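Descriptive structure summary
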Amino acid sequence: MAHREAGGGGSPFGGSDSTEIGPIVVPASELARRVRELGAEITEDYRDRAPLLVSVLKGAFVFASDLSRAIRLPVEMDFMAISSYGMATKSSGVVRIVKDLDQDLTGRHVLVVEDIVDSGLTLSYLRRSLLARNPASLEVCALLVKDGQQRIPLDLRYVGFHVPADFVVGYGLDVQERYRNLPDLRVFLGEGS
Ligand code: 5GP
């Protein structure tokens, strides 16, 4: 469920860009609460097979960091960076691996930690690419899913929040590399959203 707070607009950090940053979609306190819940669920589900958390940079770095510390298992972590072509705020589904994983996935229980699923094209590409590496299992934990935007069916084992289809920033999510450090998740009102 998405949370919106009235009067949450304006600049959380001040400065000349204040008009770009809109209302809070999910406040930091709710993000923290849900991450604790997801961590407890994952701890239970994976209690006899500690997962390899595969985090997708850059957007998922804050979520992966918090989630990993909410899981009470000896998890391992690896990172890959992917890049959509261009700077557009809409995914084309054409994805390039910019940094690949360090670890071999053969026989591993892989849990992909994603920031946000919009069309689902990025995740679909990623899943195909990772499944080809013969993991013992592959599940996805997505912090955010945009309601009604998916063009292909997605099998998401864990979801943090369903949010409206606005372009959002904060908690790791950027627009042209900015706003990743906002503690709340907020609507982006600026150009290109
Ligand atoms: P999809 O391929 O599902 O359409 O898009 C997924 C990727 O697009 C995400 O991993 C993220 O990088 C980017 N993205 C989609 N929606 C948003 C959004 O609202 N805010 C930000 N910052 N990135 C988004």
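Here, every reference points to the structure presented above.
This section reports on the structure supplied with the text. (Residues numbered from 1 in each chain as written. Predicted model: local features only at pLDDT ≥ 70, side-chain atom pairs only at ≥ 80, totals over all residues. Heavy atoms only, no water.)

1. Focus on unusual backbone geometry
Note the cis peptide between Leu57 and Lys58, where omega equals -5°. For Lys58, the location among the structural elements is in the loop between β2 (52–57) and α2 (61–70). The phi dihedral of Tyr179 falls on the positive side, at around 75°, and the residue is not glycine. (Helix = DSSP H or I, 4+ residues; strand = E, 2+ residues; numbered from the N terminus.)

2. Considering the pattern of salt bridges
Counted under the stated rule, the structure contains 14 salt bridges. The partner of Glu37 in a salt bridge is Arg34, and the shortest N-O contact between them spans 2.6 Å. Residue Glu37 and its partner Arg34 are both found in helix α1 (residues 28–45); the two are separated by three residues, about one turn of the helix. The exposure class of Glu37 is partly exposed, given its relative accessible area of 37%. The partner of Asp174 in a salt bridge is Arg180, and the shortest N-O contact between them spans 3.4 Å. Judged by relative accessible area, Arg180 falls into the buried class, the value being 12%. What you see here is one network of salt bridges that share partners, running through Glu30, Arg33, Arg34 and Glu37. (Salt bridge = Lys/Arg side-chain N within 4 Å of Asp/Glu carboxyl O. Buried < 20%, exposed > 50% of the residue type's maximum accessible area, 1.4 Å probe, protein only.)

3. With respect to the environment of Asp166
Inspection of the secondary structure puts Asp166 in the loop between β7 (158–163) and β8 (168–169). A residue is classified by how much of its surface remains accessible, and Asp166, at 27% relative accessible area, is partly exposed. Sequence-wise, Asp166 and Arg186 are 20 residues apart; in three dimensions their C-alpha atoms are separated by 9.3 Å.

4. Describing the site of the ligand
Around the ligand, the structure places 16 residues, and the nearest of them are Ser119, Gly120, Thr122, Val168 and Asp174. Thr122 places a side-chain nitrogen or oxygen 2.5 Å from an oxygen atom of the ligand. Val168 has a polar backbone atom sitting 2.7 Å from a nitrogen atom of the ligand. Considering the ligand on its own, with 500 Å² of exposed area, one finds that the protein chains cover 87% of that surface. Mapped by element, the contributors of at least two residues to the shell around the ligand are β5 (109–117) and α3 (121–131). (Near = heavy atom within 4 Å. Polar contact = N/O pair within 3.5 Å; in protein donor to acceptor, adjacent residues only side chain to side chain. Areas by Shrake-Rupley, 256 points an atom, 1.4 Å probe, with all protein chains shown as cover.)

5. Description of α1
Here α1 spans 26 Å end to end across 18 residues, near enough to the 26 Å set by a 1.5 Å rise per residue. For α1, the set of buried residues is Glu30, Leu31, Arg34, Val35, Leu38, Gly39, Ile42 and Thr43. (Expected span 1.5 Å × (residues − 1).)

6. A look at the packing of α1 against α2
Close contact between α1 and α2 brings their axes to 8 Å; oriented N to C, the two are set at 55°. Judged on the interaxial angle alone, α2 and α1 are oblique. In the crossing of α1 with α2, the sense of the turn from one axis to the other is right-handed. In this structure, α1 uses Val35, Arg36, Leu38, Gly39, Ala40, Ile42 and Thr43 to contact α2, whose residues at the interface are Phe63, Asp66, Leu67 and Ala70. Along the lines of polarity and charge, the residues of the contact of α1 with α2 split into seven nonpolar, two polar and two charged. (Axes fitted to C-alpha atoms, helices over the stretch in contact; angles between N-to-C directions. Parallel < 35°, antiparallel > 145°, perpendicular 65-115°, else oblique. Left-handed = near helix turned anticlockwise from the far one by under 90°. Contact = heavy atoms within 4.5 Å. Nonpolar A, V, L, I, M, F, W, Y, C, P; charged D, E, K, R; others polar.)

7. Considering the side chain of Glu30
Inspection of the secondary structure puts Glu30 in helix α1. Among the polar contacts made by the side chain of Glu30, one reaches the side chain of Arg33 at a distance of 3.0 Å.

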